Structures are given as C-alpha cells and as structure tokens.
Amino acid sequence: MNVPMLPLSQPNAVGLILAHGSMGDPESVLSPDVYVSDDGGYTWLLALRGPHHYAILDSGGLLLAVEHSNSPVHQIKFSTDEGQCWHVYNFTSEPLHFSGMDSEPGSRSMNVSLWGFRTDYSKW
C-alpha cells in the first residue's frame, strides 16, 4: 500500500479528517485516494485521486495537498471548502523532488513551508 501519510485531524478543525482509502477491487489499495470527512468520520467524500501529502491550515479553512510521486513536482493543490473543490497553484517554475511540508503547530496559520531537492542543481 502506497500511503505517504496517516489520517490527519487538528483540534482547531473540529470534525475535519483527511485520510487515505480505497473502494473497489483489491488493486485499488495499491494507490489509495484521499478522502475528507467534516463530521468526525461519519461520512466521507472522495477529495483527490491518488496518494498525497496533506495539511490542515487556518483552523480547517484551508486544506493543502501535494501529490505523492517519484517524479519532481511543481504544483500544490488547495481547498477552501473542506475538500469539495480543489485548485492548483504552481509554486515553482523548476520542479523539485518533494520531501515534506510543515506549518505552525495548532493549524491556525495560513502559512506552510515546503521543502525538497533538485537532482540537477549543483550549486550550494
């Protein structure tokens, strides 16, 4: 199973949970999708196809996701409506191998730090 993150919830985003899961044939567990619940896990909405790294910001008012891939990425996905609609933002013109993201503890901030590396970049 290719799951880059465990289920995520934040105390300031009451009832909001992001998690990987799959429905269907046994092969679907090899590339699980991202689901969102806004009622503490009672109901679930398919939010994103395929595995992603994700974060909850602004007390649940902003969800961020970066596709989990072996290839370099240059886009971040975000939602301002608890995962119902997702938008894409190109955060760099030169793709990088995504390593992780983090925000301030408590998920109240709207700022996130992304880090990664480029294999063809030789300067320090």
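Our structure's up above, just so we're on the same page.
Predicted model, so just to flag it, every value in this text is computed and none were measured.

Some thoughts on the nonpolar core
Across soluble globular proteins, nonpolar side chains have a tendency to be buried as a group.
Right, on to step 1. Of all hydrophobic cores here, the largest spans 13 residues; its most connected members are Ile-56 and Leu-63.
Right, on to step 2. Listing elements by their share of this core, those giving two or more residues are strand E3 (33-37), strand E4 (45-48), strand E5 (52-57) and strand E6 (62-67).
Right, on to step 3. Discounting chain neighbours no more than four positions away, the residues touching Ile-56 are Leu-8, Ser-9, Gln-10, Ala-13, Leu-16, Leu-18, Leu-62, Leu-63 and Ser-107.

Thoughts on the sheet that holds E3
Right, on to step 1. Across the sheet, which stays open at both edges, the four strands sit in the order E1-E2-E3-E4 with antiparallel pairing between neighbours. Each end of this open sheet is capped by a strand with a single partner; those strands are strand E1 (8-9) and E4.
Right, on to step 2. Direction of pairing for E1 relative to strand E2 (residues 17-21): antiparallel, over a ladder of two bridges. When the sheet's bridge partners are listed, Ser-9 is paired in E2 with Ile-17.

Focus: the side chain of Ser-79
Right, on to step 1. Summarising the element assignment, Ser-79 is placed in strand E7 (residues 75-79).
Right, on to step 2. Of note is the side chain of Ser-79, whose polar atom sits 2.8 Å from the side chain of Asp-81.
Right, on to step 3. If we skip the residues at most four places from it in the chain, Ser-79 touches Gly-61, Leu-62, Leu-63, Gln-84, Cys-85 and Trp-86.

Digging into the sheet that holds strand E8 (residues 87-90)
In sheet architecture, strand pairing relies on hydrogen bonds along the backbone and comes in two forms, parallel and antiparallel.
Right, on to step 1. Read across the open sheet, the four strands follow the order E5-E6-E7-E8; overall the sheet is antiparallel. Taken across any chain shown, the strands that pair with only one partner, and hence form the sheet edges, are E5 and E8. Each neighbouring strand pair of the sheet contributes to a mean axis angle of 25°, computed without reference to strand direction.
Right, on to step 2. Taken together, the four bridges between E7 and E8 define a ladder with antiparallel strand orientation. The residue bridging Ile-76 from the neighbouring strand is Tyr-89, located in E8.

Parameters and conventions
Residues numbered from 1 in each chain as written. Predicted model: local features only at pLDDT ≥ 70, side-chain atom pairs only at ≥ 80, totals over all residues. Heavy atoms only, no water. Core = buried A, V, L, I, M, F, W, Y, C linked by side-chain atoms within 4.5 Å. Buried < 20%, exposed > 50% of the residue type's maximum accessible area, 1.4 Å probe, protein only. Helix = DSSP H or I, 4+ residues; strand = E, 2+ residues; numbered from the N terminus. Contact = heavy atoms within 4.5 Å. Pairing = 2+ DSSP bridges. Polar contact = N/O pair within 3.5 Å; in protein donor to acceptor, adjacent residues only side chain to side chain. Axes fitted to C-alpha atoms, helices over the stretch in contact; angles between N-to-C directions.

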